[in-house]
Structure formats: C-alpha cells, structure tokens
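The residues making up each chain are set out below.
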Amino acid sequence: MSLKVLVGVKRVIDYAVKIRVRPDKLGVVTDGVKHSMNPFDEIAIEEAVRLKEKKIAKEVIAVSCGPAQAQETIRTALAMGADRGIHVEVPAKEMEKLEPLHVSKILAKLVEKEGGDLLIVGKQAIDDDTNATAQMTASLLNWPQATFASEIKKTDGELEVTREIDGGLESIKVKLPAVVSADLRLNEPRYATLPNIMKAKKKKIQKMKPGDLSVDVTPHLEVVEVLDPPVREAGIKVDDVEGLVTKLKEAGRI
Amino acid sequence: MFVAALITKQVRHAATGRRILQGFQRQSDRNKVGTVAVRSFITSVDPSHGLTEEQIAIQQLAIDFARNEMMPNMAMWDEKEMFPVETMRAAANLGFGAIYAQEEFGGTGLSRLDASLIFEALSQGCTSTTAYISIHNMCAWMIDTFGNESQREKWIPLLAGMEKFASYCLTEPGSGSDAVSLSTSAKRDGDDLILNGSKAFISGGGDTDVYLVMCRTGSAGPKGISCVLVEKGTPGLHFGKKEKKVGWNSQPTRMVIFEDCRVPATNIIGKEGQGFNIAMKGLNGGRINIASCSLGAAQASLQAAIDHVKVRKQFGKPLASFQNSQFRLAEMATELVASRLLVRNAARALDNDDLDTVPLCSMAKYYATEKCFNIINEALQLHGGYGYLKDYSVQQYLRDTRVHMILEGTNEVMRLLIARKVLSD
C-alpha cells in the first residue's frame, strides 16, 4: 500500500530574527523581516520524503496557506524532495487573522479532494505556538491522530508512532488514513542540494483560494493586545536554605 | 506570544544566529494592498536583496551550510591549521565542488553570479576555507572547459564531489606579478614531459591530489606555456615545508617542486602553448570568487559591529547613539554595497562573455578586496579592545581577507589591466 502524503508547511518569521512588537500593539513587525519555513514543518517534509525513499509513500504534496511569498516556502519543500505543491492564496492582511481552525478546514478539504492517506504537519508554528491544527484537522476528517511524533513506523495498514509526552515516550498504533504532527526529534532535515533546487523550479505548484474549497476564513478571534515579555527584574540573594524557604513562603510560591 | 526560543540545538539550526539587517527592506516582502508585489533587482546591504526566487534558494542553502557547518569551527580550523576535508566534502555533496562546470560530467551547471552568491554566503562561515573551495572550483572549470573528453570524464566527477582536491600552480619564487616569465620547464621525452622547476605559495599544496601546473613547453613568452595536470604521488613531485601564515590557516600553503618529474604528454590540458591563456581565463572567474569571499567577510564583520555598538555602553549611552559610530557604519555599509555592485556586475559580464569582462573583473577584485578589508578593519575598531581578542571573529576575517589584495593577481596588476583598457580607447 503506497501512501499519498500531504504535508502542511507554514511560512513564519525566521527563528533567529529579533522580534519587534508593532507600534499599534496588534502584532509584530513582519515587513522586510526575514521569513522561512517553520522548523517543525521542515521536519515534517523530511519525514514524508524519507517515507517516499522507503517506498512507503508514492507522492508527497506540500501545502501552504498564505500570500504570494508562501510559494518560496513550497519551493523549499520541493527542493527537499516533495513532488508538487498546492498554494492556497490568502492575502497578507487576511493571513494575520487566519486561525488554526481555518487552516484545519482547508487541509481537511484538500486531503479529501486529493484522496490523501496521511497528513503530516509540524506540531506547532513558531509564531503563534497554538499546537492545534493537526488535532482539529483530524477531528474534521474523523481520522485518528498521532501528535508529537518522534518516530514513525509502518506496519500493515497502520502506523506505529512514538510520541513525546510529558511523562516520557508513548507508543501508539493508528489506523490509516491518519494525521501526524512532527516533533523535534523525529529526524534531522536534509539540506536541499543545488541540483534539487534547480529541479524544484520545474515542479508544479497549483494555486487556489479558500473559497474554491468552500472554506470561510472570517476571523472568530480578535487580538486585543500584543506586548513584549516583561523586563526581567532583579532577584535577591538569601543567606541560607531557611532564608530561601521563608522568602518562597512570603511570595506565596510554597 | 511570539517566542522563537523553542528550538534547541538538536534541530540542525545551531544556536549561531543568522544575521539579517533590519531597516533595509526586502522589496520582495512588501505587499501593498491592491498592487502586485514586483520583484526588484536592486542591490542593497542585505545580500539577498534584488535576487530571483531561485537565487535566494541557492543563497539560503549556502547561508544555512555556512552557519551550521562552518561558523562553529572557523576559529578552531584557524588555530589548529586544519584542512577541513570532511566539511568541504559535505559542501561538495550539495553541489558546491564544481559550481560553474557543466552538468555533463557532474558539474552543477550554475552561473558565475550564482557562484558569487554562494562564495559570499559561505565566506561568512569561514573565509579561508571558502577561498580554497573557490580555487578548487576554478581548477575544475579549467579542466571542464579546456580538457578533452577523456580528461573531463576522468576528473570532473572526482573534483565535483571533492573526492580529489585540486591546486592551481602558476606563481614561482622568481615570477609573481610577472607571471609570463615563469621558468618551470616541461621538456618532451618521447610520449612524456619531464618537468623541472618549482612553484611558490600553492594553496592546498601537499594535501591536494591534482595540480594544474603552468609550465614552459615552448620558447619564452606566453605562447610557450602549457597547462599540465600532475597527480600527487608522481615520482619527482615534492613539496616544501608548510608555510606559517597570518591567515588562510585552514588551508596549507607549500612550495611545489618538480625534479625530473615525468608525466604523460596526454596530461596537457587544452593545446600545447595554450596554458597561459587558460590560466588567465581561470583567474577572471577566480578574481570574482575571491572578491565575493571578501564581501562575505565584510558582511559578517559589519553585522558584528552593528550588534556590538547597540549593546556596548560608554558615557551612559550605547555606542550606537554616537554620531561617529553612526557615520562609520554608514560609510561601511555604502562601501559594501558599492563593492557588491561591482562584483555582481563583473559576474554578469563574465556570464555574458562581455567585451569588458577583463577590466570589469579586475575592478571588482581590486575594489572589493580593498574596501572590504577596510570595512573589517573599521568593524574591529568599533569593537574596541574586544576586537583584538581571538574570542571575537572580526580579527579572523581581517587576517583572512588581507591576502585577497595580493593573490590571484595583486591589486596593482589589476590596475595595470584596467589602465590597459582605459588607454586603449
């Protein structure tokens, strides 16, 4: 059974950028700021490409929602080994307000349309950290989910997934089709090679709009305020353990 | 909250942060409501400004490789004088070994402009190592362009993957700028050539496998010179001691000595008497590459200086608030953009076989290597005492780029070449 795999990739502000809050305090500065593929999505693409190399997957489709620049992110996925891309066009202003539920609806519709057997996404995006898309997409599709995957093995008609959870590692079996979200230690993404970057130019990226999938992207959430984390305050030194315990009690911590 | 700190070192993005200059907008990122985002071709302080999507992808690959695989090691390679064979092979596996050689026998088939972007990016990771990689690329191109089918078939696959490393041998103890007066001789003996003489300051010498040797097969003058490929291990091929240098310490530099060194005459690359022409054509590109290495080092140093002056305080204020610091940084940024324009222009000229290629490559080389060295020097000054410590990388960029004004044709020879063009009209 050769799987058709879809992978969701998101274009986010590069992890190394020094983030600045916008003067209107409703978001962060994105204009002129370096963006790149969400690191967890790189891991997701890498895993899908490895499945193809192991002949478990027959096709890897990279999907991204966003403005025109999202195509750069899809090209990166193609250069890493994805076969083709789908760009769901969402203009920049709407992108700011796009919620995980919208993305989940879009992904669910696409998976059905394409006849996908497996959807892999990064566990969370490093800009909003919501960690919700995989779970909601699975729910909309009524598919099993295996989140925070650190290892994926294929057995007959099923996936055996090791999950990183608070208590340690958990191993579960999910029937296909399924949704998986990629965690940090699932793999180490490859560098695209120059020849693959050149080949990626020729791979197809299909364009569509949320409306083409009958998905309404009207926002349900309103950002009230975005603030910098509070400036770190000075600490105090204590003389001994008794002093420490007293201070902690005074602060209501214990 | 927008927090990017979740990724630990275990993801391949190491903790050495990628640098971008804020405040200089990427035209391609602007999305005006109601208008189509137009791709601009403007060069600016951010090296990715004005590039096509594919060029940005190529550049990003080189930036990532430099940041993850080279930058964490550059100080150690310099201090321990290590030739980082494994890292260079990893780079070659991505296609960086024979960037502008044709795809037919394993080259990557990209343009000189693409190569310039790559070397500029890699140079931020380690200027010395990148400079060697560019020399290796130059040799691969020479064989690919002037070699016959069997030579190309044999050597390009090995050089593209850096299974074998190459060195370019033109300079001699008695002939540097006066390259034409070289005296290493190659006398016919049946089907062989017997080489006698010595080459000086050879990058990679002693550690590399393949030597492209410009030697005299005919009479005096440029037309008596041929380009001969000599493999390491050939009897009669010896090496001098490893030179102790101010910089470029991640590549060994040695004299290459020929004592009755016998090689088959089929090792001549191109035609007999074509050697000087091949050497000079190789150097046109080599000059763009070295200038690109200077650009990368200057970019890294400029960014380091910017970061430093924002943080360092004296007289109750960050250094960035003093007009002197601001003026210096403005001048440095301007020289960087001017240098970059000249280098990319020369790369385009070479790609298009423009009539002015030689003077344009010469201009790019002398201007960029000089201005970038000054940028790095100023950046060191802006660091104050810290700039002089080996804990900070500015001093390594300074030491590594100093020699760029000397090799691949001194900046004085570059002026001769430009003057020739200027006075000929």
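The name given to chain B in an unreviewed UniProt entry is Isobutyryl-CoA dehydrogenase, mitochondrial, with the source organism recorded as Penaeus vannamei. Database annotation for chain B, UniProt heading Pathway (unreviewed entry): "Amino-acid degradation; L-valine degradation." Among the UniProt annotations of chain B, the heading Function (unreviewed entry) holds the following wording: "Isobutyryl-CoA dehydrogenase which catalyzes the conversion of 2-methylpropanoyl-CoA to (2E)-2-methylpropenoyl-CoA in the valine catabolic pathway. To a lesser extent, also able to catalyze the oxidation of (2S)-2-methylbutanoyl-CoA."

The name given to chain A in an unreviewed UniProt entry is Electron transfer flavoprotein subunit beta, and the organism recorded there is Penaeus vannamei. Per UniProt, the comment on chain A under Sequence similarities (unreviewed entry) is "Belongs to the ETF beta-subunit/FixA family." Looking at the Subcellular location (unreviewed entry) heading of the UniProt record, one finds this comment for chain A: "Mitochondrion matrix".

Here the focus is the overall build of chain B. Of regular secondary structure, chain B possesses 11 helices and 10 strands. Here the C-alpha atoms of chain B give a radius of gyration of 22 Å, agreeing with the 22 Å that 2.2 N^0.38 yields for 425 residues. Its C-alpha atoms put chain B at 75 × 50 × 50 Å along the principal axes. Here chain B holds 425 residues, and the buried ones make up 57% of them. Element-wise, carbon and sulfur atoms account for 54% of the exposed surface of chain B, whose accessible area totals about 17,700 Å². Charge separation in chain B, taken as the distance between the mean sites of 46 positive and 44 negative side-chain charges, equals 6 Å.

Residue and element names in this part refer to chain B. Counting buried positions along strand E3 (residues 192–203) yields nine of 12 residues, so the element is predominantly enclosed. The pairing of strand E2 (residues 185–189) with E3 spans five bridges and is antiparallel. Looking across to E3, one finds that Arg188 is bridged to Leu193. Hairpin connection between E2 and E3: a loop of two residues separates the two successive antiparallel strands, and Gly190 in this loop has a positive phi of roughly 70 degrees. As defined by bridge partners, E3 adjoins strand E7 (residues 253–264) across nine bridges and the pair is classed as antiparallel. Paired with Lys199 across the two strands is Val256, which belongs to E7.

This part is about the packing of aromatic side chains. Residue and element names in this part refer to chain B. Across all of its chains, the model carries nine aromatic pairs over all chains by this definition. Between Phe65 and Phe96, the aromatic rings sit 6.3 Å apart at their centres with planes inclined by 75 degrees, giving edge-to-face as the arrangement. With Phe65 in helix H1 (residues 53–70) and Phe96 in helix H3 (residues 85–96), the pair connects residues that are 31 residues apart, well separated along the chain. Here Phe65 and Phe96 have matching classes, each one buried.

Turning our eyes to something else, we now look at unusual backbone geometry. Here the bond from A:Leu176 into A:Pro177 is cis, since omega is 0 degrees, no more than 30 degrees from zero. Relative to the assigned elements, A:Pro177 resides in the loop between strand E9 (168–175) and strand E10 (178–182). The residue A:Lys55 is not glycine, and still its phi comes out positive at about 65 degrees. Along the polypeptide, A:Lys55 turns up in the loop between helix H1 (39–53) and strand E4 (57–66). Since its relative accessible area comes to 68%, A:Lys55 is described here as exposed. The backbone phi angle of B:Asp353 is positive, close to 55 degrees, even though this residue is not glycine.

A water-sized probe, rolled over the atoms, reveals where empty space remains. Residue and element names in this part refer to chain B. One number sums up the size of the second largest pocket: a volume of about 1,500 Å³. Along its surface, the second largest pocket is lined by 49 residues, and Leu283, Arg287, Leu407, Glu408 and Gly409 are the ones closest to its centre. Among the elements of the structure, helix H5 (127–146), E3, helix H7 (275–311), helix H8 (323–351), helix H9 (357–382), helix H10 (394–402) and helix H11 (411–424) are those that each provide at least two residues to the lining of the second largest pocket. Its residues placed into classes, the lining of the second largest pocket shows 25 nonpolar, 12 polar and 12 charged.

Parameters and conventions
Residues numbered from 1 in each chain as written. Chains lettered and ligands numbered in written order. Predicted model: local features only at pLDDT ≥ 70, side-chain atom pairs only at ≥ 80, totals over all residues. Heavy atoms only, no water. UniProt positions renumbered as here; feature names shortened; annotations may be inferred. Helix = DSSP H or I, 4+ residues; strand = E, 2+ residues; numbered from the N terminus. Rg over C-alpha atoms; globule rule 2.2 N^0.38 Å. Buried < 20%, exposed > 50% of the residue type's maximum accessible area, 1.4 Å probe, protein only. Areas by Shrake-Rupley, 256 points an atom, 1.4 Å probe, with all protein chains shown as cover. Lys, Arg positive; Asp, Glu negative; His and termini not counted. Charge placed at Lys NZ, Arg CZ, Asp CG, Glu CD. Pairing = 2+ DSSP bridges. Phe/Tyr/Trp six-rings, centres within 6.5 Å; stacked < 30°, edge-to-face > 60°. 1 Å grid on protein atoms, 1.4 Å probe; cavity = no way out; pocket = protein on both sides within 12 Å on 5 of 7 lines; lining within 4 Å. Points joined across faces, edges and corners; volume = space filled by probe spheres on them. Nonpolar A, V, L, I, M, F, W, Y, C, P; charged D, E, K, R; others polar.

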